[in-house]
Amino acid sequence: MQPRLVLIKPSFQGSATVSVTRKPHFRATGLHGHDFYELDIITAGSVPTTLNGNCLTASAGTVFFLTPEDMHDYLPADEEIDILNIQFQGKFVSDAVLHPLVESGKRVFVLEGEALRSFEAICNLLEMYCNKKNSSAEILWRLLEAALLIEEKYDEICDELWYIYTSEENRRTRLKESRGYSDEKITAIMKEQMPEEE
């Protein structure tokens, strides 16, 4: 007998497009899906889970990127987990960011060390922004990622610019792995960026 799929309602209300919720001492859910996008970041603990029929164990640093096509659950475990849950409509994120991620098929990421701290910092800023808003307020904003934010005048079209520092070595590694850039191209890009002191 096939398990019944439950469609979860979003936490965001009205015309809002995003919500950020901390779920400490989280235990379990049944198999479910949703018609919005979701990021689940495990910040503490370890739990067995299923995602689209595949079983795995999620622990601190595991990030799930879930689309309206995905089904998942968290199974009962001896240990409680803490989850940072971000739910958002597709229009909340730029198509240039969201579409390649959806098409890649990758749904599970593991973040450690500096990468996890940077991601949590971004989530904390997002949570503070959402909490400043009245629950009925409309949130019309998008997240953009770019190497030359100030140099390309993004400050003229964006209300806020967030800079997350990482070492040059990490930046080089990411550009090689994610975009296949050569050392020469990376060096040329970095020469166009403002010095970190500025």
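Up top is the structure these notes are about.
The rules we used
Residues numbered from 1 in each chain as written. Predicted model: local features only at pLDDT ≥ 70, side-chain atom pairs only at ≥ 80, totals over all residues. Heavy atoms only, no water. Axes fitted to C-alpha atoms, helices over the stretch in contact; angles between N-to-C directions. Helix = DSSP H or I, 4+ residues; strand = E, 2+ residues; numbered from the N terminus. Parallel < 35°, antiparallel > 145°, perpendicular 65-115°, else oblique. Left-handed = near helix turned anticlockwise from the far one by under 90°. Contact = heavy atoms within 4.5 Å. Nonpolar A, V, L, I, M, F, W, Y, C, P; charged D, E, K, R; others polar. Phe/Tyr/Trp six-rings, centres within 6.5 Å; stacked < 30°, edge-to-face > 60°. Buried < 20%, exposed > 50% of the residue type's maximum accessible area, 1.4 Å probe, protein only. Lys NZ or Arg CZ within 6 Å of the ring centre and 35° of its normal. Polar contact = N/O pair within 3.5 Å; in protein donor to acceptor, adjacent residues only side chain to side chain. Salt bridge = Lys/Arg side-chain N within 4 Å of Asp/Glu carboxyl O.

Visitor: Break down the packing of helix α3 (residues 168-179) against helix α4 (residues 183-192) for me, citing the residues and quoting the values.
Guide: Here α3 crosses α4 at 125°, and the two axes come no closer than 10 Å. Viewed along their axes, α3 and α4 adopt a mutual orientation that is oblique. Classified by chirality, the crossing of α4 by α3 is right-handed. Residue-level inspection shows Glu168, Arg171, Arg172, Leu175 and Lys176 of α3 in contact with α4, the latter providing Asp183, Ile186, Thr187 and Met190. Of the residues belonging to the contact of α3 with α4, the class tally is three nonpolar, one polar and five charged.

Visitor: Residue-level account of the packing of aromatic side chains, with values.
Guide: One pass over the full model with this rule turns up three aromatic pairs. Both rings, one in Tyr37 and one in Phe88, keep their centres 5.7 Å apart while their planes meet at 15°; by these two values the pair is stacked. Of this pair, Tyr37 sits in strand β4 (residues 37-44) while Phe88 is found in strand β9 (residues 81-88), placing the two residues 51 residues apart along the sequence. Judged by relative accessible area, Tyr37 falls into the buried class, the value being 17%. Each ring, one from Phe64 and one from Tyr74, has its centre 6.1 Å from the other, and the planes form 75°; the classification is edge-to-face. Separated by 10 residues along the polypeptide, Phe64 in strand β7 (residues 62-66) and Tyr74 in strand β8 (residues 72-74) bring together distant segments of the chain. As far as the burial class goes, Phe64 and Tyr74 line up, both buried. By the ring-pair criterion, three or more aromatic residues cluster together here, those being Tyr37, Phe65 and Phe88. Between the NZ or CZ atom of Lys185 and the centre of the ring of Tyr181, over which it lies, the distance is 4.3 Å.

Visitor: So, the side chain of Thr49: which residues are in play, and what are the values?
Guide: The topology assignment puts Thr49 in strand β5 (residues 46-51). According to the relative accessible area criterion, Thr49 is buried, its value standing at 2%. A distance of 2.3 Å separates a polar side-chain atom of Thr49 from the backbone oxygen of Asp73. Sequence-distant contacts of Thr49, defined by excluding residues within four places in its chain, comprise Asn54, Cys55, Leu56, Ala58, Phe64, Asp73, Tyr74 and Leu75.

Visitor: Help me get a handle on the pattern of salt bridges, residues and values and all.
Guide: The tally for this structure, following the rule as stated, stands at four salt bridges. Measuring nitrogen to oxygen at the nearest pair gives 3.0 Å for the salt bridge that ties Glu168 to Arg172. Of this pair, Glu168 and Arg172 both sit in helix α3, four residues apart, roughly one helical turn. On the basis of relative accessible area, Arg172 is assigned to the buried category, the value being 19%. Salt bridges here are not isolated pairs; linked through shared partners, they connect Glu168, Arg172, Lys176 and Asp183.

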